[in-house]
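# Architecture and fold: a report
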Amino acid sequence: MQNEREIASNRLWFIAIGVFIVLLIVAFFVYRYLSKIKFRKQQLEQELINSQQIIYVKEQELKTYIIDLSNKNSIINRLKEDAAQEISEPIELKDENDEEVAQLLEQKILTDDDWEKFKIRFNSIYPGFFSRIKERHIALTEAETRILVLMRLELNGKDMANILGISSQSVRV
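Residues numbered from 1 in each chain as written. Predicted model: local features only at pLDDT ≥ 70, side-chain atom pairs only at ≥ 80, totals over all residues. Heavy atoms only, no water.

Of regular secondary structure, the chain possesses seven helices and zero strands. The order of α-helices and β-strands along the chain, N terminus first, is α-α-α-α-α-α-α. Classification of the 173 residues of the chain by burial places 21% in the buried group. Once local pairs closer than 6 in sequence are excluded, the contacts in the chain between residues at least 24 apart make up 54%. (Helix = DSSP H or I, 4+ residues; strand = E, 2+ residues; numbered from the N terminus. Buried < 20%, exposed > 50% of the residue type's maximum accessible area, 1.4 Å probe, protein only. Contact = heavy atoms within 4.5 Å.)

What follows covers the packing of helix H3 (residues 112–125) against helix H5 (residues 142–152). Where H3 meets H5, the axes come as close as 12 Å, and the angle between the chain directions of the two elements is 40°. Between H3 and H5, the angle is such that the two are oblique. In this structure, H3 crosses over H5, and the sense of that crossing is left-handed. Facing Asp 112, Trp 115, Phe 118, Lys 119 and Phe 122 of H3, the residues of H5 in contact are Glu 142, Thr 145, Arg 146, Val 149 and Arg 152. Split by residue class, the contact of H3 with H5 holds four nonpolar, one polar and five charged. (Axes fitted to C-alpha atoms, helices over the stretch in contact; angles between N-to-C directions. Parallel < 35°, antiparallel > 145°, perpendicular 65-115°, else oblique. Left-handed = near helix turned anticlockwise from the far one by under 90°. Nonpolar A, V, L, I, M, F, W, Y, C, P; charged D, E, K, R; others polar.)

Reported here for the largest pocket is a volume of approximately 200 Å³. Lining the largest pocket are 10 residues, and of these Ala 143, Glu 144, Ile 147, Ile 166 and Ser 170 sit closest to its centre. Elements that contribute at least two residues to the lining of the largest pocket include exactly H5 and helix H7 (168–172). Looking at the lining of the largest pocket element by element, the count peaks at four residues for H5. Across the lining of the largest pocket, the residue classes tally to seven nonpolar, one polar and two charged. (1 Å grid on protein atoms, 1.4 Å probe; cavity = no way out; pocket = protein on both sides within 12 Å on 5 of 7 lines; lining within 4 Å. Points joined across faces, edges and corners; volume = space filled by probe spheres on them.)

What follows is about the packing of aromatic side chains. Inspection of every chain in the model, using the stated rule, returns one aromatic pair. Arranged with centres 5.5 Å apart and planes meeting at 70°, the rings of Phe 28 and Phe 29 form a pair that is edge-to-face. Take Phe 29: its relative accessible area is 48%, and that puts it in the partly exposed class. (Phe/Tyr/Trp six-rings, centres within 6.5 Å; stacked < 30°, edge-to-face > 60°.)

As a further point, take helix H6 (residues 157–164). Given 3.6 residues per helical turn, the α-helix brings residues three or four places apart onto the same face. Residues of H6 that are buried include every one of Met 160, Ala 161, Ile 163 and Leu 164, and no others. Around the axis of H6, the buried residues are gathered within 165° of arc, so they sit on the same side. Immediately downstream of H6, the backbone of Gly 165 shows phi near 70°, a positive value. (Arc of directions from axis to C-beta.)

With respect to the helices and strands, the residue Thr 145 is situated in helix H5. Sequence-distant contacts of Thr 145, defined by excluding residues within four places in its chain, comprise Trp 115, Phe 130 and Leu 140.

Take the confidence of the model for the chain next. Put simply, the chain has an average pLDDT of 78, and 82% of its residues get 70 or more. Per-residue pLDDT, averaged within each element of the chain, yields its smallest value for helix H2 (residues 90–105) (56) and its largest for helix H1 (residues 2–85) (85). A low-confidence stretch, residues 88–93 (pLDDT under 50), is modelled with three contacts involving residues beyond four sequence positions or located in other chains. (pLDDT = per-residue confidence, 0-100.)

Turning to its location among the elements, Lys 72 is positioned in helix H1. What makes Lys 72 buried here is its relative accessible area of 3%. The spatial distance from the C-alpha of Lys 72 to the C-alpha of Phe 118 is 9.0 Å, given a sequence separation of 46 residues.

Pasting the structure below:
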């Protein structure tokens, strides 16, 4: 009977130790799961910070582009006004327009809207340029036409690339 009491007592100890070990294992897995959650949360927070920084940089680029576009539009408007006012003096107009065109070319022609506005102003300075191209029945892409316009302004390949927002190699091709 005493052996049975010892076995029963030992059995309770084994059960207690077993329950304790199971609790430790469960605690380990819960701790590991919570650590993974905390790590993932830190990763997501870092990604959020990086995304916010990227958005900030893009906003700054957009603001710069808007300012450049505004400057370009003011130059274009001045060109239009000068062309309208000095029709009687074409030689002087050409010299003044050359300066205005030089300022205009410092801006980038990146969008189709920019190109259309630029084309209208260019045509007011050099009337008939586009019509002469069409009269020759040469099939040109819009990009090739842009390059021809910039060649007419006697720009080098690097300047053309900067204005069009493309690489110098693309201009050469």
